[in-house]
Each structure stands twice: as structure tokens, then as C-alpha cells.
Amino acid sequence: PTISRHDYQPYPYQIDQVRLEFDLAAEQTLVRLAFRARSRDGQIQPLVLDGEDIELLEVSLDGNLVSPQDYLLNDQGLTLSPPAAEFDLVLVSRCRPQENTMLMGLYVSGNSLFTQCEAQGFRRITFFPDRPDVMSRYEVVLRGDATLYPYLLSNGNLLESTTLDDGRKQAVWEDPFPKPSYLFALVAGDFDVREREIKKANGQPALLQVYCDRGDGDKTEWAMQCLEHSVRWDEQRFGLALDLDRFMIVAARDFNMGAMENKGLNIFNSAYVLADAESTTDASFHAVEAVIGHEYFHNWTGNRVTCRDWFQLSLKEGLTVFRDQEFSADMLAQGLDGAQAASARAVKRIDDVSVLRAAQFPEDAGPMAHPIRPESYQEISNFYTATIYEKGAEVIRMQHTLLGEDNFQAGIREYFKRHDGQAVTCDEFVDCMDSVYRQVKPGQSLDQFRRWYQQAGTPRVQVSLTHDAAKQTATLTLRQSNAPAGIEDKAAVKPPLHIPFALGMLDQHGQPLSLHLDGQKGETLVLDFTEAEQSWTFTHIPEAPVLSLLRNFSAPVKVDYYRPDAELALLARHDTDPFARWEAAQLLATRLILSSASGRTPSAAQQATVVQTWHALVQDPALSPAYKARILSLPSERELLEQTQPMTPRAIVQARRQLQRELGLALTPYWQELYQFLSLEQAPYSPDALQAGQRSLRNLALNYLLVAGVSTGPQLARNQYDQATNMTDRLGALSALVNYGDPEDRQDGLDDFFQRWQDNPLVLDRWFSLQATAPSTQVAQVRALMLHPAFSMRNPNRARSLIFQFCMNNMQAIHTPEGYAFWAEQVIALDKLNPEISARLARVFDNWARFEPQARDPLKAALERIQAEPGLSGNVAEIVNKALTL
Ligand code: ARG
Ligand code: ZN
């Protein structure tokens with residue numbers, strides 16, 4: 001069934017206080033729920049409670065047992081007839097955590113019990129109005145076996161912890177803040193615990209705790225540090241303080257997503273908690289930091305102010321992703337200033353934009369395209385998308401750009417002043433920003449800007465430039481368009497968006513020009529681009545300038561501007577905006593790869609320009625190692641593929657590989673020199689920006705040497721692997737050998753790695769991924785790996801490491817009739833266990849119609865095979881049906 005945004009109705013009852021009692025056991029858990037409900041308008045209306053996959057044992061209203069003929073029970077929930085406009089309800093039900101393979105609701109992971117309630121998991125625990133606008137205070141009583149579950153955790157404050165007469169443990173928790181059911185959590189198990197007491201900004205103490213499996217406790221120091229940094233950062237940059245005396249993070253091995261912001265009790269995929277130098281890469285250290293920040297920041301943006309309904313999901317997710325991006329950028333730039341700080345922040349920006357382009361742009365160009373505030377959905381869990389999260393963050397970032405930091409923070413203060421404790425809409429957030437915007441820009445408003453919440457699709461901006469030497473003016477013209485996107489958008493009228501377009505200009509020698517535009521002056525100006533077509537005339541420009549466009553990626557759009565490679569090369573060497581500079585280099589490489597992928601032989605001049613640019617950059621002493629590693633990398637296969645029409649995956653892989661090889665060969669001495677230089681000093685491991693940058697640049701150099709077949713390469717990689725004292729070096733070397741080495745090195749490396757790490761599940765995931773994505777891996781090898789004793793489809797991290805990695809990132813092998821059939825088969829198999837995860841795998845080829853002709857028929861047949869599967873989940877059905885509607 002399709003749910004529409006415009007059908008929103010408030011819930012007829014208010015439920016101020018909820019009491020929950022759990023008799024916990026993996027096989028079956030008894031849940032007793034009690035609350036008092038009060039009709040909002042004084043009328044007696046049917047009480048409709050959601051409930052799924054749980055057994056109802058007993059219901060009573062105002063103390064009277066209700067017999068089954070007096071209620072309506074089906075597979076969606078329970079409907080009761082209340083005796084009065086205000087009444088007490090008590091309900092006893094049973095669920096079976098052990099059998100819960102969906103990992104939504106109450107489930108078992110390892111020997112412990114965990115919950116995941118967002119978006120609609122609470123209804124798998126008890127019958128309740130499972131919607132975010134019903135907010136209640138929770139008191140929770142947990143009882144369970146004292147040996148299995150010495151820790152019994154829930155939201156808020158621990159009121160008492162006792163041992164019962166029967167020997168079981170009991171804990172009573174109370175969360176002082178009203179919350180929707182999706183923020184409820186409980187955990188029962190035995191853990192290692194790391195604790196730290198901190199002082200909040202107001203001087204009050206708070207207890208931070210990180211829980212993980214016994215034996216992993218030495219891997220939570222980094223998480224604790226990140227949590228403390230998050231608390232400090234939110235106080236300092238947003239003026240938002242921790243509102244609890246205790247804040248807990250618990251790591252779970254089996255978890256559908258990254259993590260969950262349950263009030264005071266964040267539950268995490270262990271991949272985003274556990275970290276130490278030996279077993280964790282630099283990239284994972286930074287992912288831990290980002291996710292810990294993200295969940296912590298939700299405490300205000302998500303929990304204190306939550307969503308009225310799930311169409312407003314980006315209200316909390318877009319804003320919180322923006323906040324975690326800024327947190328990470330501030331952490332990278334700590335202690336730096338001027339150009340160095342800008343370059344450090346640009347590294348984070350580059351990584352975030354790459355994710356947007358690789359994941360969100362394709363979504364916007366496929367059948368699942370939706371605005372950041374969708375108009376309709378069938379399964380809300382299918383809408384935890386790159387659009388809601390990443391594009392949502394871009395839409396917040398544009399408001400930040402339009403307002404500036406100080407005014408944006410004023411808007412945030414207004415938001416909490418108006419809405420603390422409420423469940424609200426995206427519109428209400430923009431209202432707050434708009435109230436400040438109107439004050440600081442009299443006569444203007446964010447009215448037009450709101451269209452970003454309504455329109456799906458990636459807008460295109462066409463650029464043209466004229467220069468008048470006599471008047472010394474340059475006139476820039478921008479045209480915007482946003483083609484129909486997704487299956488609902490065919491006849492959509494899409495009026496122009498308000499696009500903040502940041503721009504700079506260089507002279508023909510690469511020197512930055514100072515821009516003059518009706519009273520404004522500066523090296524970078526942000527244009528308010530609001531018309532379908534709009535022009536700006538800049539004065540004091542004696543010669544034709546070189547445009548530096550969309551600086552810092554000021555809007556989530558695609559820019560079309562035809563200009564000679566030489567101009568891009570100039571920008572790649574000289575642009576003072578580090579993002580635009582990186583972009584210019586990427587664009588140069590992209591042009592070359594796309595033209596050879598399409599079968600044209602690139603001209604010698606075109607090739608020479610790329611090589612010379614890389615040559616200049618590899619030697620540039622002013623670039624930080626992290627930035628250099630980004631600017632010397634080629635765009636990812638996924639980003640490149642997204643730009644082909646129709647999409648030609650195998651040709652892209654080959655063309656990209658060919659350019660890698662050419663750059664490896666043409667610049668061999670430089671890669672060697674860089675590699676040796678970066679191998680020199682070995683400070684004690686730290687994941688800081690400088691060291692991580694050096695390691696990533698060294699691994700990049702190593703990859704260029706191996707891919708080019710330079711004879712010294714394999715020995716360097718073997719040595720690096722053997723001598724590594726951290727996972728970034730070890731895995732970097734192994735991945736170079738596995739991807740570009742000979743079969744013997746590959747096998748030796750993989751065997752050794754398995755021997756060393758077979759007891760660490762997160763590292764074993766890497767071992768599977770590495771093989772899943774290796775160019776030598778075909779469907780048959782993946783099938784063999786699925787039979788490995790360490791493989792399990794039930795653990796989402798493991799399924800992702802092998803199946804998803806193969807289907808998404810091994811383009812040579814998956815784009816075969818055999819590959820497509822394998823994909824369909826795995827979607828069907830996973831769907832029986834975990835529909836939410838299966839639907840994500842189904843999405844890998846929802847854009848089948850954009851592929852080259854020989855791929856389309858087999859992909860369509862694979863989708864039809866999934867569609868025809870009896871008992872298909874609603875999750876996968878929504879994806880497949882939409883994909884086949886195109
Ligand atoms: N709110 C969580 C986060 O972004 C994500 C939870 C999504 N859960 C799900 N089952 N889809 O931090
Ligand atoms: Zn989130």
C-alpha cells in the first residue's frame with residue numbers, strides 16, 4: 001500500500017506516560033505494556049495500535065479483561081473500543097528474539113539481546129501507536145537471567161538494579177524526556193565497559209560509557225575519545241549541551257545499518273565502534289568518528305526535536321549529516337589556519353561529494369528518485385536513502401551558505417526555541433532559517449529555496465561566458481534545468497531553484513582575480529541564482545578570465561561548461577579553492593577516460609595534458625599528503641559510470657585501468673621517490689590527518705607502481721605487508737597485491753591474512769571484500785566463498801562484505817548474464833531472512849534501463865525473476881515493481 005504525505009492525520013489520543021515490563025529470554029520474551037490514553041478532542045474513537053509478528057496474550061481496559069470477540073486483531077495490529085475518552089490500557093504480549101532474522105524489534109546478536117526500533121520496529125515488540133508524533137515518557141523494567149544478562153540497559157536514568165528472589169536480575173530505567181517509540185531501546189548481555197566521567201559546559205558531571213563484546217574492550221578507546229569530542233564540539237559550535245547524566249553506546253555485531261540514536265542508549269554496528277591501529281584502517285577510524293558524532297548530534301537534532309511523520313525524515317537526517325560532516329571537517333582542521341585549514345577541510349568535502357556523486361546522483365537518475373521530502377512511499381525502510389541523508393545534508397549546507405555561520409546558528413537557536421520537545425516538519429525548520437534570512441536580507445526570503453524539498457532529480461547548470469576587452473567586463477550566464485526524475489515525475493512542472501552558486505576567476509597565468517559585482521567584492525562570490533536563465537556582469541576584468549565554478553561544491557548540481565583541457569590544467573595547478581582545484585584535475589581525467597571508454601582514441605595532446613598535470617601535482621611541495629592523495633587519484637568507477645549514456649561498465653573499468661597504467665608508467669620515478677620518502681620516518685601510530693594522509697599517498701604510489709607492472713612493485717608490496725604495524729599499511733599492500741599482483745602473491749597474501757585475522761570478524765569482512773572486488777574474481781569464486789565456514793548470510797556485515805561488494809564493485813564479473821542471475825538469486829535468498837537488507841541489494845540494478853543494450857535484457861529478466869518469487873517482501877516488491885515500471 002502506498003502512503004502519501006498529504007494524508008497525514010494526527011493520532012487521536014495523547015499518551016503521556018508508558019510503563020513497560022520485560023521478562024527477557026532469547027527464545028521468548030514477555031512484554032507487559034501499561035499506559036493511560038486521553039482523547040485529544042474528547043471524542044471516543046477506536047484505539048488503533050500497530051503490532052507485527054507478536055502474540056497477544058491479554059488485554060484489559062480500565063482493569064477489565066477484554067475478550068477476543070471485543071477486539072480486532074490482524075497481522076498489522078490491534079483495534080480496541082475504549083470505554084471512555086480517557087482510560088487505562090494494559091496489554092501482555094510475547095515475541096521471539098531468537099527467530100528474529102530481520103533485526104528489527106528485539107533480536108539476538110552473539111549472546112546478547114538488542115533492539116532496533118527506527119522506523120517501525122517497536123511494533124514488533126509490543127502493540128503501540130508506532131509513529132513519531134506520539135511522544136511519551138517511558139519507565140522500563142527489565143528482568144533476565146543474571147549470568148547471561150548481567151547488564152540490563154534502557155533509555156535514560158537507572159533507578160534501581162536488584163536481584164530477584166528467583167535469582168534473576170532486575171533493572172528499572174526512567175527516561176525523563178518524552179520520546180516517540182522509534183527511540184526506545186533495550187540491551188541485555190554481558191559486556192566489557194569503558195567509562196569516562198566528563199564535566200558538561202554547565203559544570204555538571206556526566207558519565208560516558210562504551211559497551212562491547214567481552215574481549216573487545218581494548219578497542220573502544222578511540223570511540224570514547226570521539227564521543228567526548230562530540231560532546232565538546234556540540235557545546236562549542238552549536239551551543240548544545242548533553243541533557244542526560246549518562247550517555248551509553250553499545251556495539252552489536254549484527255546490525256542492519258550504521259548505528260541508532262536511541263535516547264541515551266545509542267546502539268551501533270560494531271564496525272563503527274571498535275578500532276585499534278593493528279586491526280583498523282585510517283578510513284575506518286574516521287568512519288567511527290563520523291558515526292559517533294552523527295548519533296550523538298541526533299540527541300538534539302532528532303530526539304529533542306523529532307519528525308512529525310516519516311516524510312520528514314530528512315529534517316533529522318539531512319541536518320545531522322550536515323552536522324557530522326562539519327564535526328569531521330573541524331577535527332581535521334584543528335590547530336591549522338589559513339590555506340592549510342582550508343585544504344584540510346577540503347579533503348573532507350571532496351570525500352563527501354564523492355559519496356554524493358557515487359550514490360545519490362544515480363539514485364536521482366533512477367526509478368527510486370525522490371525529493372529529500374518524499375511525496376509517497378510503500379516501505380519507509382526503503383527511504384533511508386542517499387537522497388534523504390546526503391542530498392538532505394547538501395540542502396542544509398546551502399542554507400548555511402546563504403545565511404553564513406552566525407546567522408545559521410541564530411536560525412538553529414530559533415528552531416529549538418520554537419520546537420524543543422515537539423515532532424515537526426521540514427517546513428517548520430526552514431521557517432526558522434527564513435525568519436533570520438528575512439531580517440538580514442530585507443526584501444528576500446527562502447520561499448523559492450523550499451523547492452529543493454519538492455523536486456527530485458539532479459539539476460544541471462549550463463555556463464557561458466563573454467568578455468568585453470574594451471569595457472573590461474566579463475558576463476557570466478547561467479541556465480538551469482531539472483529534468484523529470486523517477487517514476488512519478490513524468491509530467492512534473494519544475495520551476496527554477498534558488499541555487500547558491502560560488503564562483504571565482506583566475507587570469508591566464510593562474511593568478512586569482514578580485515571580483516567586482518554591484519558593490520560586492522571578493523575572490524569568491526556566491527551568486528543567488530534564481531531564474532531559469534540569469535546573467536551577471538563583472539567589472540575590472542582586463543582579459544578573458546578562467547572560471548572557477550561551483551567552488552566548494554556550493555550546490556548539489558551538475559555543471560556543463562565546455563572549455564579546453566588547457567584551462568582545466570591551469571585550474572588544477574593554480575586554483576586557490578582547493579575543492580575546485582581537485583575538481584579540475586578530476587574532470588581532465590574523466591574526459592580522457594570517457595572518451596577512450598566510448599571507443600575514441602584520445603589524442604596525444606589530451607593524454608599529455610593529463611600526464612603533465614599529474615606530473616606537476618605529484619611534485620607540488622605545497623600540497624598536504626591527504627589532499628595530494630585525493631587529487632592524484634582517478635575518479636571512482638561508479639562516478640565515471642554515472643556519466644556515461646547508456647552506461648557501459650566494462651568499458652569504463654578498462655579505460656580507467658588503462659589511464660592508471662599510463663600514469664603509473666609515465667611517472668614511475670616520481671611514484672618510487674614518493675614511496676621511498678613516505679616510508680622513512682615511523683612515528684607511533686595515530687589516525688591524525690597528517691599520518692593518515694601520508695599512508696594514503698604511499699598506498700596510492702604503491703598502486704600506481706603495481707598497476708603499471710613496474711618490476712620493483714611486488715617486492716615493495718610484500719615488504720610493506722610483512723613489516724606493517726597498522727591495518728592501513730597491511731591492507732593497502734595486500735589490496736595492491738590482490739588487485740594487480742600475480743596469482744601466487746595474491747594467494748599467499750590472502751592465506752596469511754586469514755591466518756592472522758580469522759578471529760576478528762571486522763577484519764575478516766575485509767578479507768571477504770578484498771576477494772569480492774578483485775578483478776580475478778568471478779561468480780564461481782564467490783559461490784565458493786559463500787561455502788566458507790566463516791561466511792554467513794545472517795550477519796549483515798558479512799553479507800555486505802561478500803555479496804554486496806561483488807555485485808556493486810566488481811563490474812567486470814557482475815556484468816555478465818551469469819552475474820545478473822547470481823544477483824537475483826541472492827536477493828531472493830536474503831529476502832527470506834532480512835527484507836530490509838535484501839531491498840538494498842535489489843537496488844543495485846534498479847537502474848537497469850540506463851545500461852547498454854546487451855545488459856538490459858538479462859537485467860530485466862533477472863528483475864522479473866525476483867518479482868515472480870512467491871512470498872516476496874513488501875520491501876523488495878517496492879523496489880522491483882518501481883524498477884520495472886520505467
Ligand atoms: N537513525 C539512524 C541513523 O541514521 C538510522 C536508522 C535506520 N534504521 C533502519 N532500520 N532503516 O543514524
Ligand atoms: Zn541519522
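The structure presented is a predicted model; accordingly, all values stated were derived computationally and were not measured.

Moving on to the sheet that holds strand S9 (residues 86–95). Strand order across the open sheet formed by eight strands is S6-S5-S9-S3-S2-S12-S15-S14, with mixed pairing between neighbours. Strand pairing shows two members of the sheet lacking a second neighbour, strand S6 (64–65) and strand S14 (157–163), which therefore form its edges. The pairing of strand S3 (residues 29–39) with S9 spans ten bridges and is antiparallel. Among the inter-strand pairings, Val-31 is bridged to a residue of S9, identified as Ser-93.

So, about the coordination of the zinc ion (ligand 2). Coordination of the zinc ion (ligand 2) by the protein involves His-294 (NE2), His-298 (NE2), Glu-317 (OE) and Glu-317 (OE), with metal-donor separations of 1.9 to 2.7 Å. Around the zinc ion (ligand 2), the six donor atoms are arranged such that angles at the metal cover 47 to 159 degrees; this shape is classified as irregular. Coordination of the zinc ion (ligand 2) draws on donor residues from a single chain, spaced H-x3-H-x18-E in sequence. Of this pair, His-298 sits in helix H2 (residues 282–298) while Glu-317 sits in helix H3 (residues 313–333), placing them 19 residues apart in sequence. The exposure classification of His-298 matches that of Glu-317, with both residues buried.

With that settled, consider the side chain of Thr-280. With respect to the element layout, Thr-280 can be found in the loop between strand S21 (265–269) and H2. At a separation of 3.5 Å, a polar atom in the side chain of Thr-280 contacts the side chain of Ser-279. Ignoring any residue separated from it by four or fewer positions in sequence, one finds Thr-280 in contact with Leu-274, Ala-275, Phe-285, Tyr-685, Met-727 and Thr-728.

A separate point is the packing of aromatic side chains. Enumeration according to the criterion identifies 42 aromatic pairs in this entry. Between Phe-238 and Phe-408, the ring centres sit 6.5 Å apart and the planes meet at 90 degrees, which makes this aromatic pair edge-to-face. Taken together, the residues span a long stretch of sequence, with Phe-238 in helix H1 (residues 221–238) and Phe-408 in helix H6 (residues 405–419) at a distance of 170 residues. Accessibility classification places Phe-238 together with Phe-408 in one group, the buried group. Look at Tyr-415 and Phe-429: their rings are 5.1 Å apart centre to centre, the planes differ by 80 degrees, and that puts the pair in the edge-to-face class. Taken together, the positions of Tyr-415 in helix H6 and Phe-429 in helix H7 (residues 426–440) put the pair 14 residues apart, joining distant regions of the chain.

Side chains of a nonpolar character, in soluble globular proteins, are inclined to be buried together. In terms of nonpolar packing, the biggest core is built from 278 residues, with Phe-538, Trp-614 and Trp-823 touching the most fellow members. For this core, the leading source of residues is helix H9 (residues 578–597), giving ten residues. Setting aside its immediate chain neighbours within four residues, Trp-614 contacts Ala-585, Ala-589, Ile-631, Leu-632, Ser-633, Leu-634, Leu-663, Leu-667, Trp-671 and Tyr-704.

Next up on the list: the sheet that holds strand S7 (residues 72–74). Pairing within the open sheet is antiparallel, and its three strands lie in the order S4-S8-S7. Edge strands, defined here as strands with exactly one partner in the open sheet, are strand S4 (47–50) and S7. Strand-to-strand, the axes of this sheet are offset by a mean angle of 10 degrees, without reference to chain direction. Across three bridges, the pairing between S7 and strand S8 (residues 77–80) is antiparallel. Its bridge partner being in S8, Leu-72 is matched across the sheet by Thr-79.

With that out of the way, let us pick up the pattern of salt bridges. Applying the stated criterion to the full structure yields 74 salt bridges. Close ionic contact of Asp-565 with Arg-591 constitutes a salt bridge, the shortest N to O distance being 2.7 Å. Highlighted residues: Asp-565 in helix H8 (residues 565–574) and Arg-591 in helix H9, separated in sequence by 26 residues. Classification of Arg-591 as partly exposed rests on a relative accessible area of 24%. Each of the salt bridges in this network shares a partner with another, and the network as a whole consists of Arg-19, Glu-21, Asp-23, Arg-32, Glu-139, Arg-143, Asp-166 and Arg-168.

With that settled, consider helix H5 (residues 386–403). With 18 residues, H5 extends 25 Å from end C-alpha to end C-alpha; this agrees with the ideal 26 Å at 1.5 Å per step. Where H5 bends most, at Gly-392, the angle is about 25 degrees. Within H5, 16 of the 18 residues are buried, leaving the element largely enclosed by the surrounding structure. Positive phi appears at Gly-404, one or two residues downstream of H5, with a value of about 85 degrees.

This brings us to helix H10 (residues 604–619). An ideal rise of 1.5 Å per residue puts 22 Å on 16 residues; H10 measures up with 23 Å between its terminal C-alpha atoms. Turning to H10, its buried residues number three or more, namely Gln-606, Thr-609, Val-610, Thr-613, Trp-614, Leu-617 and Val-618. Relative to the axis of H10, the buried residues are bounded by an arc of 160 degrees and lie together on one face. Residues Ala-604 and Ala-605 are exposed on H10 and point more than 90 degrees away from its buried face. In the core, the buried residues of H10 are packed alongside H8, H9, helix H11 (625–631), helix H13 (649–666), helix H14 (668–678) and helix H15 (689–707).

Attention now goes to the pairing of strand S31 (residues 533–538). With burial as the criterion, only one face of S31 is covered, namely that bearing Gln-534, Trp-536 and Phe-538; the residues Glu-533, Ser-535 and Thr-537 on the opposite face remain uncovered. The sheet contact formed by strand S26 (residues 473–481) and S31 spans six bridges and is antiparallel. Bridging across to S31, Ala-474 finds its partner in Phe-538.

Turning to the site of ligand 1, a few remarks are in order. In the vicinity of ligand 1 there are 15 residues, among which Glu-118, Glu-261, Glu-295, Tyr-389 and Glu-836 approach most closely. Contacts to ligand 1 include Glu-118, whose side-chain N or O atom sits 2.5 Å from a nitrogen atom. A distance of 3.5 Å is found between an oxygen atom of ligand 1 and a backbone nitrogen or oxygen belonging to Ala-259. When isolated, ligand 1 has an accessible area of 350 Å², and the protein chains bury 97% of it. At the level of secondary structure, the elements contributing two or more residues to the shell around ligand 1 comprise strand S20 (259–260), H2 and H3. In terms of residue count, the dominant contributor to the shell around ligand 1 is H2 (three residues).

Definitions and cut-offs
- Residues numbered from 1 in each chain as written.
- Chains lettered and ligands numbered in written order.
- Predicted model: local features only at pLDDT ≥ 70, side-chain atom pairs only at ≥ 80, totals over all residues.
- Heavy atoms only, no water.
- Pairing = 2+ DSSP bridges.
- Helix = DSSP H or I, 4+ residues; strand = E, 2+ residues; numbered from the N terminus.
- Donors = N, O, S within 2.8 Å, 3.2 Å for Na, K, Ca; no water.
- Tetrahedral: all angles 85-135°; square planar, octahedral: opposite > 155°, others 65-115°.
- Buried < 20%, exposed > 50% of the residue type's maximum accessible area, 1.4 Å probe, protein only.
- Polar contact = N/O pair within 3.5 Å; in protein donor to acceptor, adjacent residues only side chain to side chain.
- Contact = heavy atoms within 4.5 Å.
- Phe/Tyr/Trp six-rings, centres within 6.5 Å; stacked < 30°, edge-to-face > 60°.
- Core = buried A, V, L, I, M, F, W, Y, C linked by side-chain atoms within 4.5 Å.
- Axes fitted to C-alpha atoms, helices over the stretch in contact; angles between N-to-C directions.
- Salt bridge = Lys/Arg side-chain N within 4 Å of Asp/Glu carboxyl O.
- Expected span 1.5 Å × (residues − 1).
- Bend = angle between axes of the 7 residues up to and from the residue.
- Arc of directions from axis to C-beta.
- Near = heavy atom within 4 Å.
- Areas by Shrake-Rupley, 256 points an atom, 1.4 Å probe, with all protein chains shown as cover.

None of this, on its own, says anything about what the molecule does.
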